[in-house]
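For reference, the chains in residue letters:
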Amino acid sequence: LWKWLRKKSESSVKIKPDPLTRNPDIVWDSMRPEQNYQKITPLDPETPISDECVRFVCISDTHTFIENKPSYFLPDGDVLLHAGDITNEGQIKKLVEFNDYLGKLSYKHKVVIAGNHDITLDTDMIQKDPESAMLNFGIICELLKQYSVKQTKDLFTNCTYLQDSGVQLYGINIYGSPWQPVFRDWAFNLRRGEEILKKWDKIPNNTDILITHGPPLGYGDEVGHHGSGHVGCVELLNTVQKRVHPKYHVFGHIHEGYGVTSDGETTFINASFVNRLFLPVNSPIVFDYPLPNGY
Ligand code: 5GP
Ligand code: MN
Ligand code: MN
Ligand code: MN
């Protein structure tokens with residue numbers, strides 16, 4: 001009954017932008033005392049997989065490292081989740097290599113989102129800046145023609161690519177979104193506050209596993225260079241904690257924030273593969289999701 005009542009009230013929850021959203025570190029200081037913040041020891045990937053669970057393998061920010069080095073070990077599982085920054089500059093060739101690599105992996109499902117480095121997937125950005133050196137629209141179109149596809153995302157034939165969209169696997173609702181607060185001027189950047197909240201407002205209430213490129217405020221979002229402190233999205237944390245309540249929230253982007261934390265309700269997984277020096281040093285993070293009734 002309690003769950004049903006919450007579901008009912010959730011649907012009418014409207015998150016408001018935080019007036020201090022541009023100062024996430026200050027917002028976190030004021031929120032921290034009421035947060036049930038915990039560090040979590042991730043599941044050992046060697047744990048045998050039970051028939052009653054779906055094993056998810058999370059990775060993010062691979063920045064072209066995994067597909068070129070097949071010796072990198074990815075643990076067994078049913079579903080691979082990638083939280084963006086597949087490439088360094090969205091090169092079409094790199095996206096094709098990544099897709100080929102995914103084709104060789106034995107996971108039953110692979111779910112992928114873009115990050116701020118995967119610039120050729122941001123069609124608005126390509127069209128806004130058609131002449132920029134990195135993003136020459138004409139060259140991108142020519143390359144896509146070579147691969148017989150119309151859009152960059154159509155290159156992903158070996159995975160489910162999510163961009164403000166969802167997929168249901170084994171009765172589990174997964175939703176993915178690439179946006180992050182403006183930092184320099186890379187892809188899928190939006191201003192903190194109302195602008196980015198519009199994207200978070202699209203996340204359905206019944207999301208069980210949320211994938212975003214960037215972290216929410218306070219959980220796996222602390223930077224060690226380009227400044228210091230918490231840089232996660234305030235509106236994303238409020239959406240997660242006050243409306244969506246997913247079981248898992250998987251992201252990357254802030255490489256230094258690698259690891260697992262929890263607020264007592266949602267498990268937050270920063271699965272960055274590279275560290276702040278862009279060296280591929282971190283392990284994929286796995287979790288087991290109980291199969292819903294009937295699956
Ligand atoms: P990437 O360039 O791969 O998206 O992010 C790499 C690194 O840039 C992160 O690990 C973090 O150190 C830094 N970074 C990314 N976004 C932000 C941000 O919004 N604020 C700050 N201060 N650093 C960021
Ligand atoms: Mn990255
Ligand atoms: Mn919910
Ligand atoms: Mn990033």
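As a reminder, the structure under discussion sits directly above these lines.
What this report covers is the structure whose coordinates are included nearby. (Residues numbered from 1 in each chain as written. Chains lettered and ligands numbered in written order. Predicted model: local features only at pLDDT ≥ 70, side-chain atom pairs only at ≥ 80, totals over all residues. Heavy atoms only, no water.)

1. Concerning the state of the cysteines
If you walk through the whole model with that rule in mind, you get zero disulfides. C159 takes part in no disulfide bond, and the closest cysteine sulfur to it belongs to C58, at a distance of 15 Å. (Disulfide = S-S within 2.5 Å.)

2. Thoughts on the packing of aromatic side chains
The final tally for this structure, using the stated rule, is 10 aromatic pairs. Plain terms: the ring middles of F56 and F287 are 5.0 Å apart, the flat faces sit at 15° to each other, and that makes the pair stacked. On the criterion of sequence distance, the pair formed by F56 in strand β2 (residues 53–59) and F287 in strand β16 (residues 285–290) is long-range, its members being 231 residues apart. On the basis of relative accessibility, which here comes to 0%, the residue F56 falls in the buried class. F287 sits in the buried class, given a relative accessible area of 5%. For the pair Y219 and F268, a centre-to-centre distance of 4.3 Å together with 25° between the ring planes defines the contact as stacked. Of this pair, Y219 sits in the loop between β10 (209–212) and β11 (222–223) while F268 is found in strand β15 (residues 267–270), placing the two residues 49 residues apart along the sequence. Considered together, Y219 and F268 belong to a single accessibility category, that of buried residues. Each member of the aromatic cluster is reached from another via a ring pair, and the members are W28, Y37, Y219 and F268. (Phe/Tyr/Trp six-rings, centres within 6.5 Å; stacked < 30°, edge-to-face > 60°. Helix = DSSP H or I, 4+ residues; strand = E, 2+ residues; numbered from the N terminus. Buried < 20%, exposed > 50% of the residue type's maximum accessible area, 1.4 Å probe, protein only.)

3. A short note on the pairing of β2
Among the seven residues that make up β2, six are buried, leaving the element largely enclosed by the rest of the structure. Taken together, the six bridges between β2 and β16 define a ladder with antiparallel strand orientation. Counterpart to C58 in the pairing with β16 is I285. Where β2 and strand β3 (residues 79–82) come together, four bridges link them in parallel fashion. Its bridge partner being in β3, C58 is matched across the sheet by L81. (Pairing = 2+ DSSP bridges.)

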